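# Structure assessment
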Amino acid sequence: MPEEKIEIRLDADVFHKRARHFLSNWKSSLNKEASDELIQAFQGVNSILVVVGEIREEYPYQKSTAIQQWLLGYEFNDTLIFFTPDKIHFIVKEKRAEVFEQLKQGDRQVPIEIHRRNKDSSHNQTLFEQIISKISEGEQKRVGLLLKDKMSGNFVQEWQNVYNKFNQNFEEVDIASGIAAVLAIKDDDELKTTRMACKISTAMMYRFINVVSSVIDEEKEITHEQLSEDIENMLYTKDEKWLTSQKSLQDVDFGRTDVCYAPIIQSGGVYDFKPSAQSNTDKLHDGTILCSLGVRYKSYCSNIGRTILIDPTKEQEKNYEFLLDIQRRTLELLKDGQKIGDIYSRVMNFVKNKRSDLADKFVKSLGHGMGIEFRESAYNFNQKNTKVLKAGMVLNLFIGFLDLENPKASDEKSKTYSLWVIDTVKVGNNSSQLLTEGNRTLDSICFSLKDDNESDHEAKETKPRSKALENKRNTTRKSAVLRTKFRSEEKDDESQDQRRKKHQEQLAARKQADGLARFSEKSNEKTSQHKAVFRAFESYKRDTALPKEVKDLKIIVDSKSESIILPVFGFAVPFHISTLKNVNKSEEGEYVYLRLNFMTPGQATGKKEDNPFDDPNANFIRAFTYRSTDPLLSEIYKKIIDLKKAAAKRETERKEMADLIAQDKLIEIKGRRPTQRLSDVFVRPGLEGKRVPGELEIHENGLRYHSHRTTQKLDILFSNIKHLFFQPCDNELIVLLHIHLNNPIIHGKKKTKDIQFYREASDVQFDETGNRKRKYRYGDEDELGAEQEERRRRAVLNREFKTFAEKIAEASEGRVDVDIPFREIGFQGVPFRTNVLLQPTTECLVHLTDPPFLVVPLPEIEIAHLERVQFGLKNFDLVFIFKDYSRPPVHINTIPMNQLENVKDWLDSVDINFYEGTQNLNWAQIMKTINSDPADFFEQGGWSFLKLHSENEDSAASSDSASEYMQSEDSYEESSSDDSSLDEDASDVSTGSESEESDESAPDWDEHEEKARRADERKHGTKKGEDSDDDRVKGKKYRR
């Protein structure tokens, strides 16, 4: 090996931090009060010896090199490290000692001693004997060694010659479990490196799936071994085309990347789940394909494994969905304090209870710990392991079924198949986090070779394979040509409706059961949490605080104390403005009357509930009336009105700010300007003053937006971000990042839960009459170039904003995920006053293009109700009712009727229970009734009243009495899809729902008779006794 140069830089701070952590755990194990697991890991040794000789590629994972990598960041051959509880000794080459001298820097140093070895064998023997003498110190004389590591070389042989002379004097113990216990819990730097390794693995798996789809689609023949080499070489050759397409890997130092093992690819009915499995020389079979690959980045390992299904049967799809259910269940169990054996047992019981027929095919181990070593055997996930998980551990989670039978196989090799899903997971305090994302759902790994326009037989016999391998789960109908050629195929749509109906029935039953459990008698006290609470107030603490004018026994308005002092039977009595209901003034002759009405229990106070009182049974004064000829009484009346308005305004502001929570301070990156920032972006709601662009920066625990042209700034913490959306500028004028917060913040003197950062996609920021000119000037002859430049600029903007959003998610350490709206399944609607495009995302329904913004989190929705669903209408409405019944429902009006089936399919796909009806319901009254007694509501059937109402709508429409929940037909007016004037806070709507129906439907018999009567009148003249012209005009107005 060539001699090292001083260019090798060791991080002294990291070394001493990790060395202190290692020695602290070791010393704790010597304490009798330590946990049994820690005591067993170190086994009471009083010294630890790590010897590394030649570093050989056939043994990439060994504890001795792992502890070097962990402490020093490098692997050094011919090096001895000797640990005592108080000091660390290094025996290294004389020239290499200069590198190790860098460790004698920084604060809070761990004592170290560097021994220089040279070519003099007698000198080296003396150094070895000094180390051995330190092992012999103490009473127990127990030394910890890594007995399973295979080391060789001249240095190791020279050490063994001296060590074997004295090893009978002390006891040797294998310390591998102790080192594994310390290395298992990763610090922040290690987790950051592991996340980058996982990003590389995820990108390579995505590339692999694309390669496999192309190979099968083009009917190429390739062996598993050749395909494995191609995927592995992709990392080593640094494929420029692949690298430029992966913007998330731009910061990767590919010089420090390596594969953990050669990618494993299996297909054709021969599958092996053993760790020693390899890709064989069999040809790739287009059935069930398994692939796993691992990447090391800066010596930290990651692993990912996926299953690819080509033309799967329903049973195979069902089994794979169950596999994902098992993974979700396992992720819920992986958290701090859980025993590994208990987790495996609970997962196995879950498999037996749900699918007992698959229990014997389930894997015997759920994976293992992972870090610098790919396989930390001390943390194997089997039923016998009693070790406890700790927050910060990284695991290789392996879920799979081996050698399942496929009775509907099309060929011999497809009769046996296996399924697996493998991911890298980080253990947290309360939950676990997947570090390898993507290509897991059935939609992304399930493909079809069949041509949708041909029958199965024709696709196999007469038609060649389609030029593009289609995703089986994502094929959509975009043609107006009928695709069904047989009557039997028409049943598919019917069966789809039946499946949706059955699924909705299951969701309804689940909602009913959850409601009964949620509002049982034991939890009934929760329903009173939103009741108003009495707020104590005080006008004056003592008599001396009263104004001096009270001696005159006049009406005094004290704005400072927010009180009115009234003369009552010769006494000055103060009344706080909060006790005043209203004040009236009237004049009769020369007298002015002033009447003050006060709050009393049992009074009707408008739409709101009665105000709370400290003691409702006490005696109350209802009103005072004063009469005077003094004109100052009118001025007093005006002062009282102004004081009442000011008090009401302050109370409104107090209630509005009641849900504000004090945020922690933003921890800025010290010593340098943040490198991760997004420049020239605008914020909505905007900063005070003129609209100017600013910069969005990523700091340690949050984001900061500021502009150089103003001193204002906006801080958003990662802990307060509930949803992060990236919306590209495709078909839009702006590209944006939208943040929906957990708790509202004050921004621009207003409270908000939505903050948006955007940049205009067009190169023209002002119209042709403005002062600013175009950035580019295009002539008519260069329109094609202008369009290409526009597309290029939009693509650059999309990449820049998406990359920055991913950096935010990475900096938040898993607390924030990037969500992108699905424009292709969006629909038009009126959530506020204008008709906008509403776009579903993975977790929400959003409108982000223009304020006011709409963000409806799907997990918070209880049910959805489709209103005005009837033949003849062009639009329908959608109402979302939330699980928190105190929240007002969200109304989305004027959705085009041709989107009804799409909305139903979307609601069903995200497991939202929905109902439909022909009329609008009075949801304010409904929620008031439910909140009064939720337990009774669910005992009487819960939301099933919506279904009963829908089934009996025809009969209910003809009955004289209507439900207490329904508005009358005259209380709704069809909203225009172009210019809606709906008020977002209004509960009543305008009249005239029949106007649109009359425009769309054919004239009825009454209208035909009226036209005939008018024709007779024009022909014969108006007879006596008939209606006058004025009456006919009135009739026309009525009909109009």
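Shown above is the structure to which this text applies.
The written sequence of each chain sets the order in which its residues are numbered from 1. Only residues with pLDDT of at least 70 are given local features in this predicted model, and only at 80 or more are side-chain atom pairs given and counted; all residues enter the totals for whole chains, interfaces and linings. Heavy atoms from the whole structure form the basis of all side-chain values; hydrogens and water molecules are not counted.

Attention shifts here to the pattern of salt bridges. The working definition used for a salt bridge is a side-chain nitrogen of Lys or Arg within 4 Å of a carboxyl oxygen of Asp or Glu. Scanning the entire structure with this criterion turns up 38 salt bridges. In this structure, glutamate 860 and lysine 722 form a salt bridge, with 2.1 Å as the shortest nitrogen-oxygen distance. Taken as a pair, glutamate 860 in the loop between strand 33 (854-857) and strand 34 (861-867) and lysine 722 in strand 26 (residues 721-727) lie far apart in primary sequence, 138 residues in all. Only protein chains enter the accessibility calculation, which uses a 1.4 Å probe; a residue whose area is less than 20% of its type maximum is buried, one above 50% is exposed, and one in between is partly exposed. For glutamate 860, a relative accessible area of 21% corresponds to the partly exposed category. Residue classification places lysine 722 among the partly exposed positions, given a relative accessible area of 30%. Linking glutamate 790 and arginine 793 is a salt bridge whose minimum nitrogen-to-oxygen distance equals 2.2 Å. Think of it this way: any DSSP run of H or I at least four residues long counts as a helix, any run of E at least two long counts as a strand, and we number them from the N terminus.

For a helix, the expected span equals 1.5 Å multiplied by the number of residues minus one. Between its terminal C-alpha atoms helix 9 (residues 224-236) stretches 19 Å, which fits the 18 Å expected from 13 residues at 1.5 Å a residue. By the burial criterion, the buried members of helix 9 are His224, Leu227, Ser228, Ile231, Glu232, Met234 and Leu235. Down the axis of helix 9, the sector holding all buried residues measures 145°, keeping them to one side. Our arc is simply the arc of the directions from the helix axis toward the C-beta atoms.

Moving on: the packing of helix 5 (residues 121-135) against helix 6 (residues 154-163). At a closest axis distance of 10 Å, the pairing of helix 5 and helix 6 adopts a crossing angle of 60°. Put simply, helix 5 runs oblique to helix 6. In terms of crossing hand, the pair formed by helix 5 and helix 6 is right-handed. Contact residues: Ser121, Asn124, Gln125, Phe128, Glu129, Ile131 and Ile132 in helix 5; Phe155, Glu158, Trp159, Val162 and Tyr163 in helix 6. Inter-axis angles, ranging from 0 to 180 degrees, are taken between N-to-C directions of lines fitted to C-alpha atoms, where helices are fitted over the stretch in contact. Throughout this description, any angle smaller than 35 degrees is read as roughly parallel, any larger than 145 degrees as roughly antiparallel, any in the 65 to 115 degree range as roughly perpendicular, and the remainder as oblique. Here is the rule for handedness: rotate from the far helix to the near one, and if that takes an anticlockwise turn smaller than a right angle the crossing is left-handed, while a clockwise turn gives right-handed. Any two residues whose heavy atoms approach within 4.5 Å are treated as being in contact.

The strand order across the open sheet formed by four strands is 36-35-34-37, and the pairing between neighbours is mixed. Among the strands making up the open sheet, the edge pair consists of strand 36 (890-896) and strand 37 (913-916). Averaged over all adjacent pairs, the angle separating strand axes in this sheet is 20°, with direction ignored. At least two DSSP bridges between two strands are required for those strands to pair. In this structure, strand 34 lies alongside strand 37, joined through four bridges in parallel fashion. Its bridge partner being in strand 37, isoleucine 863 is matched across the sheet by asparagine 913. Contacts between helix 18 (residues 900-909) and the sheet are confined to strand 34, strand 35 (875-882), strand 36 and strand 37, with strand 35 contributing the most and set at about 20° to the helix.

We define the nonpolar core as a collection of buried residues of types Ala, Val, Leu, Ile, Met, Phe, Trp, Tyr and Cys that are connected through side-chain atoms lying within 4.5 Å of one another. Among the nonpolar cores identified, the biggest contains 80 residues, and Phe208 and Phe362 are the most heavily contacted of them. It is helix 8 (residues 188-217) that provides the largest number of residues to this core, a total of eleven residues. Excluding anything up to four places from it in sequence, phenylalanine 362 contacts Ile326, Val347, Met348, Val351, Ile399, Gly400 and Phe401.

Another point: the state of the cysteines. Defined by distance alone, a disulfide is two cysteine sulfur atoms within 2.5 Å. Scanning the model with the defined rule gives zero disulfides in all. Cysteine 260 provides the cysteine sulfur closest to cysteine 198, a residue in no disulfide bond, and the two sulfurs are 9.7 Å apart. Look at cysteine 198 and you get buried, because its relative accessible area is 0%.

Below, the discussion takes up the sheet that holds strand 1 (residues 47-52). Within the open sheet, the six strands sit side by side as 4-3-2-1-5-6. Their pairing is mixed. Every interior strand has two partners, whereas the edge strands, strand 4 (112-117) and strand 6 (171-174), have only one. Neighbour-to-neighbour, the strand axes of the sheet open up by a mean angle of 20°, direction not taken into account. Docked against the sheet, helix 5 engages strand 1, strand 2 (79-84), strand 3 (87-93), strand 4 and strand 5 (142-145), running at close to 150° with respect to strand 4. Relative to the sheet, helix 6 contacts strand 1, strand 2, strand 4, strand 5 and strand 6, its axis offset from that of strand 1 by approximately 145°.

Let us now look at the environment of valine 50. Residue placement: valine 50 occurs in strand 1. Overall, valine 50 belongs to the buried group, its relative accessible area being 2%. A C-alpha to C-alpha distance of 8.9 Å links valine 50 and threonine 65, two positions 15 residues apart in sequence. If sequence neighbours within four positions are ignored, valine 50 has contacts with Ser64, Ile67, Thr79, Leu80, Ile81, Phe83 and Leu146.

In this section: the packing of aromatic side chains. The geometry of an aromatic ring pair is captured by the separation of the ring centres together with the interplanar angle, meaning the angle of the planes. For this analysis, a ring pair means two rings from Phe, Tyr or Trp (six-membered ring only for Trp) whose centres lie within 6.5 Å, classed as stacked if their planes differ by under 30 degrees, edge-to-face if by over 60, and tilted for the remaining angles. Enumeration according to the criterion identifies 32 aromatic pairs in this entry. Judged by centre distance (5.6 Å) and plane angle (75°), the ring pair of phenylalanine 398 and tryptophan 420 falls under edge-to-face. Placement of phenylalanine 398 in strand 11 (residues 394-405) and of tryptophan 420 in strand 12 (residues 416-427) is noted, with a sequence separation of 22 residues between them. Overall, phenylalanine 398 belongs to the buried group, its relative accessible area being 12%. Here a set of aromatic residues connected by ring pairs shows up, and it is made of Phe519, Tyr885, Phe937, Phe938, Trp943 and Phe945. Placement of a positive charge over a ring is assigned whenever Lys NZ or Arg CZ falls within 6 Å of the ring centre and within 35 degrees of the normal to the ring plane. The positively charged end of arginine 627 is found above the aromatic ring belonging to tyrosine 591, 4.2 Å away from the centroid. The ring of phenylalanine 682 carries the charged tip of arginine 691 above its face, separated from the ring centre by 3.8 Å.

So, about the environment of asparagine 382. Of note, asparagine 382 is situated in the loop between strand 10 (367-369) and strand 11. The spatial distance from the C-alpha of asparagine 382 to the C-alpha of glycine 367 is 8.0 Å, given a sequence separation of 15 residues. Once residues within four sequence positions are removed from consideration, asparagine 382 is found in contact with Ile340, Gly341, Tyr344, Lys364 and Ser365. Under the rule applied, a polar contact is a pair of N or O atoms within 3.5 Å (in protein, one hydrogen donor and one hydrogen acceptor; residues adjacent in sequence only if both atoms are side-chain atoms). A polar atom in the side chain of asparagine 382 sits 3.2 Å from the backbone nitrogen of lysine 384.

A word on the environment of aspartate 817. Relative to the elements of secondary structure, aspartate 817 occurs in the loop between helix 17 (783-811) and strand 29 (818-819). A sequence separation of 95 residues divides aspartate 817 from lysine 722, and the C-alpha atoms of the two residues are 9.1 Å apart.

Spatial relationships are all this shows, so hold off on functional conclusions.
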